[in-house]
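Chain by chain, the residues run as shown.
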Amino acid sequence: GENVGLHLPTLSVQEGDNSIINCAYSNSASDYFIWYKQESGKGPQFIIDIRSNMDKRQGQRVTVLLNKTVKHLSLQIAATQPGDSAVYFCAENIGTSYGKLTFGQGTILTVHP
Amino acid sequence: DTAVSQTPKYLVTQMGNDKSIKCEQNLGHDTMYWYKQDSKKFLKIMFSYNNKELIINETVPNRFSPKSPDKAHLNLHINSLELGDSAVYFCASSQTTREDEKLFFGSGTQLSVL
């Protein structure tokens, strides 16, 4: 497949399981964080975002957790489905310019039926 | 009803050529961006324009020249293409408010320089 040989972190789960994708960020001044999903041949698609004045935010089947003490961000996907299979990116903005996102390396999520 | 559309989807060209990628957004956003994704899937910002004004220019070679005729369009022109320019280029847009910073991306242009 397209992701073979990429050497990105991978997560394989069974359909119906919950998935947790982790991300460590580097800049303690970052005040905005966002998760994107990228399917093969497509652009990054917004999933959920969170500001640094929050530590948790929930969406439909997704939850983002922010731990500023250890500079860690996670994305939880409930009842993972085969359609969730994609590369997931976290990104941060240190607040100097709107839209200047610094992306993490990506995690490949594979959901087995 | 594509929100951020870019053309072409694929671009194959020889070294030394000049090429352009076009981008249009119909979301009414005031800021547009170009991001580059390399073969390892690493995404990095190149440029941003706010209401036709250059805001971000991230140490990109001056062979790359963005042009924004209006706030709904941001094109990318690349001169004297090099092998290392091969990548997927994504256009994006956002409405720059503190309440909403999320970017909406196009589907990408895969550039292959031979």
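Treat the numbers as computed from the prediction; the structure is a model and nothing was measured. (Residues numbered from 1 in each chain as written. Chains lettered and ligands numbered in written order. Predicted model: local features only at pLDDT ≥ 70, side-chain atom pairs only at ≥ 80, totals over all residues. Heavy atoms only, no water.)

**Describing the state of the cysteines**
Residues and elements named next belong to chain A.
And then number 1: Counted by the stated rule, this structure contains two disulfides over all chains.
And then number 2: Paired through a disulfide, C23 and C90 show a sulfur-sulfur distance of 1.6 Å. Given an S-S torsion of about 40 degrees, the disulfide between C23 and C90 has right-handed geometry. Placement of the pair is C23 in strand β2 (residues 19-24) and C90 in strand β8 (residues 86-93), with a sequence separation of 67 residues. By the burial criterion, C23 is buried, and C90 matches it. (Disulfide = S-S within 2.5 Å. Helix = DSSP H or I, 4+ residues; strand = E, 2+ residues; numbered from the N terminus. Buried < 20%, exposed > 50% of the residue type's maximum accessible area, 1.4 Å probe, protein only.)

**Digging into the pairing of strand β4 (residues 45-51) of chain A**
Residues and elements named next belong to chain A.
And then number 1: In this sheet, β4 lies alongside strand β3 (residues 32-38) in antiparallel orientation, the contact comprising six bridges. Counterpart to F33 in the pairing with β4 is I50.
And then number 2: Connecting β3 to the antiparallel partner β4 that follows it, the hairpin turn spans six residues, and G41 within it adopts a positive phi of roughly 80 degrees. (Pairing = 2+ DSSP bridges.)

**Describing the sheet that holds strand β7 (residues 72-77) of chain A**
Residues and elements named next belong to chain A.
And then number 1: Pairing is antiparallel across the open sheet formed by four strands, whose spatial order is β2-β7-β6-β5. Only two strands of the sheet have a single partner each, and these edge strands are β2 and β5 (56-58). Each strand axis lies, on average, 15 degrees off the axis of its neighbour in the sheet, ignoring direction.
And then number 2: Relative to β7, β2 is paired through six bridges, and the arrangement is antiparallel. Bridged to C23 within β7 is L73. (Axes fitted to C-alpha atoms, helices over the stretch in contact; angles between N-to-C directions.)

**Re the packing of aromatic side chains**
And then number 1: Going through the model one piece at a time under the given rule, you end up with ten aromatic pairs over all chains.
And then number 2: Geometrically, the ring pair formed by Y36(A) and F103(A) is tilted, given 5.9 Å between the ring centres and 40 degrees between the ring planes. Of this pair, Y36(A) sits in strand β3 while F103(A) sits in strand β9 (residues 102-103), and the two are 67 residues apart along the sequence. With respect to burial, Y36(A) and F103(A) carry one shared label: buried.
And then number 3: Relative to Y35(B), the ring of F103(A) has its centre 5.7 Å away and its plane inclined at 80 degrees; by these criteria the two rings are edge-to-face. Here the residue F103(A) occupies a position in strand β9, and Y35(B) occupies one in strand β4 (residues 31-37), the pair thus bridging two chains. For the pair F103(A) and Y35(B), a shared accessibility class is recorded, and that class is buried. (Phe/Tyr/Trp six-rings, centres within 6.5 Å; stacked < 30°, edge-to-face > 60°.)

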